[in-house]
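An overview of the molecular structure
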Amino acid sequence: MIVLGIETSCDETAAAVVEETGVPDRPWRMRSSVVASQVEIHREWGGVVPELSARQHIRDICGVVEKALADAGNVAFDAIAVTQGPGLVGSLLVGLSFAKSLAWARSVPLIPVHHLAGHIESLVLERGEMPLPAIVLVVSGGHTNLYWVTEPGRYQLLGRTRDDAAGEAYDKVAKLLGLGYPGGPVIDRLAATGDHRSIPFPKTRLTHADRNAPHLEGRRDFSFSGLKTSVLRHVTERRTQLGLANDARLPDPEIANICASFQRVVVETLLDRLFDAARWYDARSIGIAGGVSANSGLRAGAIERGDRRGIPVFIPSLALSTDNAAMIAAAGLRKFRAGGPGALDVNAEASLALEAR
Ligand code: KG4
Ligand code: ZN
C-alpha cells in the first residue's frame, strides 16, 4: 500500500509519499518528502500569525503535493493521510479540505491522523519498530507530552506541561533576548558558544497534583514558565546594571551564556523526567520526537544517558524532527491497518487528544 501524506497544522506546508515494505520490524519506506516553510513570513511578526499561515498554505499546497508525487516517480497512491489536529484550525482546514477533495476525486480512502502520532511515527519510519514497552517524549512548539507505549499505535499520557511547551519557552526566551523567530535553532546555536554553568537558573519542581488531571498526580508533568520568568528577571537586572535601555540587547557573550544556561536547564529537566519514567516503568526503549528533538544538547544528552543505562534511544534525523508529512503518511498507514479509513466528513480539531484514539 502507498500513502500520500499531507500536513498543514502550523507553519509548514508538507506532502510526502510513504509505502509499506512488508517487513514487520521496518514497516515503512519514504519515497518522497517535501516541506515548504513559512518561517520567513512569520519572522517579521515574531511568531506564527494564524491568518497568514492559512493563506500561505492555500498558495503552497498544490505545488507541494505535485512535487511530492513527482519526486516519488508519480506512483499511484492507495490512500491519503492528513493531519486532523491538533493545530491552528484555519491551517488544518486547508490540508484537510484538500485531502478530502483529492480522496473523493481519486476514489481512495481518507485517513485522518493525529499530529503527535505522526511525530512518534517518525521514529519508526527511520529506525524501525521500537522495542516495547517504550517511553516517548513529544516535545514541540505546542506540546511537551510524555507517553507510555505498550503496543504500536496506543499512547497513554503520563505527563505534560502545565504551562508553556518546551519549544514555546525557547521561542519566548529568544524573543526577549532579541534573537528573532523561531527561537529554538538560534538559542541552540548560541548555546554552543556560551558557558552553561554561568547562570544558575532554577529547575522547576512539581510535587502537587494538577487540579485538571488529578489522576496524573502531577509527578511526571513539566513547567517552563518559571524558567522563562527567571531569564526575564536576569535580563532586566543586567540591563539596569549595565545602564541599558529597557529593550536593549545585551552584549553577545552574555547572550551566549544565557542561552547555554537556559538550554542546560531545559535539557536536564526533559531528560530527568524521561529517564526517570523509563526506569520506573522498566521500558525497553526511549523515544524523543517533535521540533525540539532537533536540539543538539537534547540529542547528545539523550544518547549519552541511553548508552550509560544500556537502553536504546530513538530520535529522528533533523529532517524528520520538525513538521513534515512523511510522519503523517506513516502514522496513517498504521492507523489504516489497525482500523481502516475515516469518513470524508471528519472535521479539523484544534485540540485533539491522542490517547483517546
Ligand atoms: O514540531 P514542530 O516543528 O512544530 C510543532 O508541532 O510545534 O516544532 C517547532 C518548535 C519551535 O518551538 C522551535 O523553536 C522548536 O521546535 N525547535 C527547537 C530546535 N529546532 C526547532 N528547539 C530547540 N532547539 C532546536 N534546535
Ligand atoms: Zn509538530
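Residues numbered from 1 in each chain as written. Chains lettered and ligands numbered in written order. Predicted model: local features only at pLDDT ≥ 70, side-chain atom pairs only at ≥ 80, totals over all residues. Heavy atoms only, no water.

**Overview of the pattern of salt bridges**
How we decide: Salt bridge criterion: a side-chain nitrogen from Lys or Arg within 4 Å of a carboxyl oxygen from Asp or Glu. Note on conventions: DSSP H or I runs of at least 4 residues are helices, E runs of at least 2 residues are strands, and numbering of each starts at the N terminus. We call a residue buried when its accessible area falls under 20% of the maximum for its residue type, exposed when it is over 50%, and partly exposed in between, using a 1.4 Å probe and counting protein chains only.
In total, this model carries 23 salt bridges according to the counting rule given. Linking Arg337 and Glu20 is a salt bridge whose minimum nitrogen-to-oxygen distance equals 2.7 Å. Taken together, the residues Arg337 in helix H11 (residues 326–339) and Glu20 in strand E2 (residues 12–20) connect sequence positions 317 residues apart. Judged by relative accessible area, which is 21%, Glu20 ranks as partly exposed. Two residues, Asp276 and Arg279, come together in a salt bridge whose shortest N-O distance is 3.8 Å. On the criterion of helical spacing, the pair formed by Asp276 and Arg279 is a turn pair, its members being three residues apart in helix H8 (residues 252–281). Since its relative accessible area comes to 55%, Arg279 is described here as exposed.

**Quick look at the sheet that holds strand E6 (residues 134–139)**
How we decide: Strand pairing is defined by DSSP finding a minimum of two bridges between the two strands.
Taken in spatial order, the five strands of this open sheet run E8-E7-E6-E9-E10, and their pairing is mixed. Each edge of the open sheet carries a strand with a single partner, namely strand E8 (154–160) and strand E10 (313–314). Pairing of E6 with strand E7 (residues 144–151), which is carried by six bridges, proceeds in the antiparallel orientation. The residue of E7 that forms the bridge with Val138 is Asn145.

**Observations concerning helix H2 (residues 50–71)**
Stated precisely, the cut-off is as follows: Helix span, expected: 1.5 Å multiplied by one less than the number of residues in the helix. Two axes are fitted around each residue, one to the seven residues ending there and one to the seven starting there, and the angle between them is reported as the bend at that residue. Should any heavy atoms of two residues lie within 4.5 Å, those residues are considered in contact.
The terminal C-alpha atoms of H2, which comprises 22 residues, lie 29 Å apart, in line with the 32 Å expected from a rise of 1.5 Å per residue. In H2, a bend of some 45 degrees at Asp60 exceeds every other bend along the element. Three or more residues of H2 are buried, namely Ser53, Ala54, Gln56, His57, Ile61, Val64, Val65, Ala68 and Leu69. Those residues of H2 that are buried are in contact with strand E1 (2–7), E2, strand E3 (28–37), helix H1 (39–43) and helix H3 (89–106). Once H2 ends, the next one or two residues include Gly73, with phi positive near 80 degrees.

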